[in-house]
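Here is what each chain is made of, one letter per residue.
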Amino acid sequence: MTDTIDGAALLNEVEAFHRRFNVFPTEAGYAAVALWDAHAHLIDCFETTPRIAFLSPEPGSGKSRALEIVELLTPRPVATVSASANALYRLVDSAAGLPTVLFDEVDTIFGPKAGADEQLRGFLNAGYRRIGGALRCVGEGSNQNAQVFNSYCAVAMAGLGSLPDTVLTRSVIIRMRKRAPNEKVEPYRQRLHEAQGHAVRDRLAEWANEVRDRVAGAWPDMPEGVSDRPADVWEPLLAVADAAGGRWPKRARAACLELISAGHDNDEASLGVRLLTDLRDKVLCGEERMPTAAILECLLAMDDAPWGDVDDKPINSRTLARLLGQYVTPANKPIKPRSMRTPMGTPKGYYAEDLTDAWTRYCPPPPGESATSATPQHLQVSEGESVADTATGSRHTPAETATQTTLTG
């Protein structure tokens, strides 16, 4: 059966409509947004639906405008800046069909001043998969029955800063920024442009009906290195690109690789993973063990590291133990400090052998050469011992440790 609508040309039209009103930071952003708009019309064909998130560090970066354009091009859009999880579950379960939920100012929900809305986060996370849902009791008084509410639907978000890791990993991230003086867009007026956007939306819906069977059975080839959660996120968008044809299959895979890489570059690893990586690459650096006091000295002397302000105070032995205790040794026991003999006594500290399993499972591959740290772990102490085997209570600034050649007990 020959398609009556040219899918590639239609996606070009969707992209051009976004370009009229938004400046995205990269070409990959335009490709991803156009594919995401189209996937919302085919959401019943997929096992997962990626969230798309327009994020920026400052207001006035075009995030809300991007949502407004998405609203014109997607089926059954519902825009909100505040909603309860229960209301959203009922909205998705309604007979009207799956909505496209558009969440503006999402930072007010998950931001540091708002606290964590676990139920809403649960909705966003569970609804990413078709099998997701919430079990709720419904009824009156003692006449209660358990009922599963569906949460699978397309969700687009806009906000300042970042989002919880559990939401970010289920999302295509578009990092917005203020327009430069030479970057111009067309002023958006809903009463003028709504009908134009809806005309494109209606053609997307027609095309989706033409390719629905083909997309539902698709197993798109993933770019090399894309697997697990990133593959789940991008599979629907690549399936749409393959169905459209033309330049879109190649362009979609290039956008996939670029945005996944940018996500890794922009999003800080969890504090625990950052700690493990710093211990491996900048603190222990091949040493078999190190006292807690020496580890803390090394961490606090590192430039551009979060260790000087963890929970509003410098990292200490208790915080170090709490962060590392989340992970386990090769023997499947929580990582804990152990006693070690040194010329200065028997302080407690950490052994590399206890950290190896966590390093393998959670940390990025080590650099080609061991990172050099301007910290005292390789400096010589009296009696020819490394500081790794010496407990010291002294504190030095990074400049002092970088120039110091010996340590005294």
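Here goes a summary of the coordinates provided. These numbers were taken from a predicted model, which means no experiment stands behind them.

### Quick look at the sheet that holds strand 1 (residues 51-56)
Picture the strands of a sheet paired through backbone hydrogen bonds; they go either parallel or antiparallel.
Thinking step 1. Here we have five strands laid out as an open sheet, ordered 2-3-6-1-7, and parallel in their pairing. At either end of the open sheet lies a strand with only one pairing partner, and these are strand 2 (77-80) and strand 7 (171-175). Between one strand and the next, the sheet's axes are offset by a mean angle of 15 degrees, whatever the strand orientation.
Thinking step 2. Where strand 1 lies against strand 7, five bridges are found, and the strand directions are parallel. Looking at the pairing, Leu55 lines up with Arg175 of strand 7.

### What about the pairing of strand 10 (residues 348-351)?
Consecutive side chains along a regular strand alternate between the two faces of the sheet.
Thinking step 1. Here three bridges tie strand 8 (residues 289-291) to strand 10, and the two strands are oriented antiparallel to one another. Bridging from a neighbouring strand, Pro291 pairs with Gly349 of strand 10.
Thinking step 2. Pairing geometry for strand 9 (residues 338-339) and strand 10, over two bridges, is antiparallel. Directly across from Ser339, in strand 10, lies its bridge partner Lys348.

### Some words on the sheet that holds strand 10
Thinking step 1. Ordered in space as 8-10-9, the three strands form an open sheet in which the pairing is antiparallel. With one partner strand each, in any of the chains shown, strand 8 and strand 9 form the two edges of the open sheet.

### Section: the environment of Arg179
Thinking step 1. Along the chain, the position of Arg179 falls in the loop between strand 7 and helix 8 (190-216).
Thinking step 2. Sequence separation of Arg179 and Phe24 is 155 residues, and the distance between their C-alpha atoms is 9.0 Å.
Thinking step 3. Within the local environment of Arg179, its side chain forms a polar contact with the backbone oxygen of Glu183, the two atoms lying 3.2 Å apart.

### As for the pattern of salt bridges
Thinking step 1. Evaluation of the coordinates by the stated rule reveals 17 salt bridges.
Thinking step 2. The salt bridge partner of Asp278 is Arg274, with a shortest N-O separation of 3.0 Å. With Asp278 and Arg274 both in helix 11 (residues 271-284) and four residues apart, the pair spans about one turn of that helix.
Thinking step 3. Here Asp278 falls in the buried class, since its relative accessible area comes to 4%.
Thinking step 4. Salt bridges here are not isolated pairs; linked through shared partners, they connect Glu15, Arg19, Glu27, Arg247 and Arg251.

### Points about the packing of helix 11 against helix 14 (residues 352-362)
Thinking step 1. Contact pair helix 11 / helix 14: the axes reach a minimum separation of 10 Å and the direction vectors enclose 120 degrees. One element, helix 11, and the other, helix 14, form an angle in the oblique class. Crossing geometry of helix 11 relative to helix 14 is assigned as left-handed. Taken together, the residues of helix 14 that come into contact with helix 11 (itself represented by Val273, Leu276, Leu279, Arg280 and Leu284) are Ala352, Leu355, Ala358, Trp359 and Tyr362.
Thinking step 2. Of the residues assigned to the contact of helix 11 with helix 14, the class counts are nine nonpolar, no polar and one charged.

### Examining the nonpolar core
Note that soluble globular proteins tend to have their nonpolar side chains buried in a common cluster.
Thinking step 1. Counting 64 residues, the largest nonpolar core has Leu42, Phe54, Val172, Ile174, Trp207, Trp234 and Trp248 as its most contacted members.
Thinking step 2. Here Trp248 is in contact with Ala8, Leu11, Asn12, Glu15, Ala31, Ala34, Leu35 and Ala241, once residues within four sequence places are set aside.
Thinking step 3. In this structure, Leu296, Met302, Ile335 and Ala358 belong to the second largest nonpolar core, which totals 27 residues.

### Focus on the side chain of Arg280
Thinking step 1. For Arg280, the location among the structural elements is in helix 11.
Thinking step 2. On the accessibility criterion, Arg280 (14% relative accessible area) is buried.
Thinking step 3. Leaving out residues up to four positions away in the same chain, Arg280 has contacts with Cys285, Trp359, Cys363, Pro364, Pro365, Pro366 and Pro367.

### What about the packing of helix 1 (residues 7-21) against helix 8?
Thinking step 1. Two elements in contact, helix 1 and helix 8, have axes separated by 11 Å at closest approach and are oriented at 155 degrees. Relative to helix 8, the element helix 1 lies roughly antiparallel. Where helix 1 crosses over helix 8, the two elements pack in a sense that is left-handed. From helix 1, Gly7, Leu10, Glu13, Val14, Phe17, Arg20 and Phe21 reach across to helix 8, where they touch His193, Gln196, Gly197, Val200, Arg203, Leu204 and Trp207.

### A closer look at the environment of Thr108
Thinking step 1. In this fold, Thr108 is placed in helix 5 (residues 107-110).
Thinking step 2. You can call Thr108 partly exposed: its relative accessible area is 44%.
Thinking step 3. A sequence separation of 51 residues divides Thr108 from Gly159, and the C-alpha atoms of the two residues are 8.0 Å apart.

### Some thoughts on the side chain of Lys63
Thinking step 1. With respect to the helices and strands, the residue Lys63 is situated in helix 3 (residues 63-73).
Thinking step 2. Of the side chains with opposite charge, Asp104 lies nearest to the buried Lys63, which makes no salt bridge, at 6.8 Å.
Thinking step 3. Among the polar contacts made by the side chain of Lys63, one reaches the side chain of Ser56 at a distance of 3.0 Å.
Thinking step 4. Those residues in contact with Lys63, other than ones at most four positions away along the chain, are Phe54, Leu55, Ser56, Glu58, Ala158, Gly159, Leu160 and Met176.

Reading the values: rules and limits
Residues numbered from 1 in each chain as written. Predicted model: local features only at pLDDT ≥ 70, side-chain atom pairs only at ≥ 80, totals over all residues. Heavy atoms only, no water. Pairing = 2+ DSSP bridges. Helix = DSSP H or I, 4+ residues; strand = E, 2+ residues; numbered from the N terminus. Axes fitted to C-alpha atoms, helices over the stretch in contact; angles between N-to-C directions. Polar contact = N/O pair within 3.5 Å; in protein donor to acceptor, adjacent residues only side chain to side chain. Salt bridge = Lys/Arg side-chain N within 4 Å of Asp/Glu carboxyl O. Buried < 20%, exposed > 50% of the residue type's maximum accessible area, 1.4 Å probe, protein only. Parallel < 35°, antiparallel > 145°, perpendicular 65-115°, else oblique. Left-handed = near helix turned anticlockwise from the far one by under 90°. Contact = heavy atoms within 4.5 Å. Nonpolar A, V, L, I, M, F, W, Y, C, P; charged D, E, K, R; others polar. Core = buried A, V, L, I, M, F, W, Y, C linked by side-chain atoms within 4.5 Å. Lys, Arg positive; Asp, Glu negative; His and termini not counted.

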